[in-house]
Amino acid sequence: YGVTELQIGERSELVGQTIAESDLRERDIVVLTLHRGHTVVPNPRGGRVMEVGDRLLCFGKLEAMRDLVPARRRRKRPAVKPLEE
């Protein structure tokens, strides 16, 4: 268990859902604070709809919270040219 901040991205499954609809509680994740722009909502209610760009400060199972973070795309490494002697 631990505390982490999750950012809601454009492709997140959470966009447009309320905190209650998101099943975060069933995943053993509690939203402690919602940051939206310059507004901070402590202990947001279950009826609060999540939007792109929201940041959620959450407490819960770290593994469950990791599952909500999309895998990063790997950048292609630039081709390495051999050095001329």
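This report concerns the structure included in the present document. Here the residue index of a chain counts from 1 through its sequence in written order. Local features in this predicted model are restricted to residues of pLDDT 70 or higher, and side-chain atom pairs are both shown and tallied only at a pLDDT of 80 or more, whereas totals for entire chains, interfaces and linings draw on every residue. Here the side-chain values reflect all heavy atoms present in the structure, with hydrogen atoms and water set aside.

## Things to note about the nonpolar core
Among soluble globular proteins, nonpolar side chains are generally buried collectively.
Part 1: Among the buried residues, those of types Ala, Val, Leu, Ile, Met, Phe, Trp, Tyr and Cys that are joined through side-chain atoms within 4.5 Å form a nonpolar core. When accessible area is computed with a 1.4 Å probe and restricted to protein chains, residues below 20% of their type maximum are described as buried, those above 50% as exposed, and intermediate ones as partly exposed. One finds I29, V31, M50, L56 and C58 to be the most contacted residues of the largest nonpolar core, which totals 15 residues.
Part 2: Secondary structure elements are taken from DSSP: a helix is a run of H or I of four residues or more, a strand is a run of E of two residues or more, and numbering for both begins at the N terminus. Contributions of two or more residues to this core are made by β2 (29-36), β4 (55-60) and α1 (62-66).
Part 3: For this core, the leading source of residues is β2, giving three residues.
Part 4: In this description, contact between two residues means that some pair of their heavy atoms is separated by no more than 4.5 Å. Each residue touching L56, except ones within four places of it in the same chain, is listed here: T4, E5, L6, I8, V31, T33, L34 and M50.

## Concerning the environment of P44
Part 1: Assignment of secondary structure puts P44 in the loop between β3 (39-42) and β4.
Part 2: In this structure, the C-alpha to C-alpha distance between P44 and L57, residues 13 residues apart in sequence, is 11 Å.
Part 3: Contact partners of P44, with chain neighbours within four places excluded, come to I19, V31, L32, T33 and L34.

## With respect to the sheet that holds β3
Hydrogen bonding along the main chain pairs the strands of a sheet, whether they run parallel or antiparallel.
Part 1: Taken in spatial order, the four strands make up an open sheet running β1-β4-β2-β3, and their pairing is antiparallel. Of all strands in the sheet, those with a lone pairing partner are β1 (2-7) and β3, marking the two edges. Here the strands of the sheet are splayed against their neighbours by 20 degrees on average, with no regard to which way each runs.
Part 2: Across four bridges, β2 lies against β3 in antiparallel orientation. Counterpart to R36 in the pairing with β3 is T39. A pair of strands is labelled paired if DSSP reports no fewer than 2 bridges between them. An axis is simply a line fitted to the C-alpha atoms; with a helix, the fit covers only the stretch in contact. Between two such axes, the angle follows the N-to-C directions and lies from 0 to 180 degrees.

## Regarding unusual backbone geometry
Part 1: One non-glycine residue, D28, lies in positive phi territory at about 70 degrees.
Part 2: Its location among the elements puts D28 in the loop between β1 and β2.
Part 3: Positive phi, normally seen in glycine, also occurs at N43, with a value near 50 degrees.
Part 4: Within the secondary structure layout, N43 lies in the loop between β3 and β4.
Part 5: With a relative accessible area of 62%, N43 lands in the exposed category.

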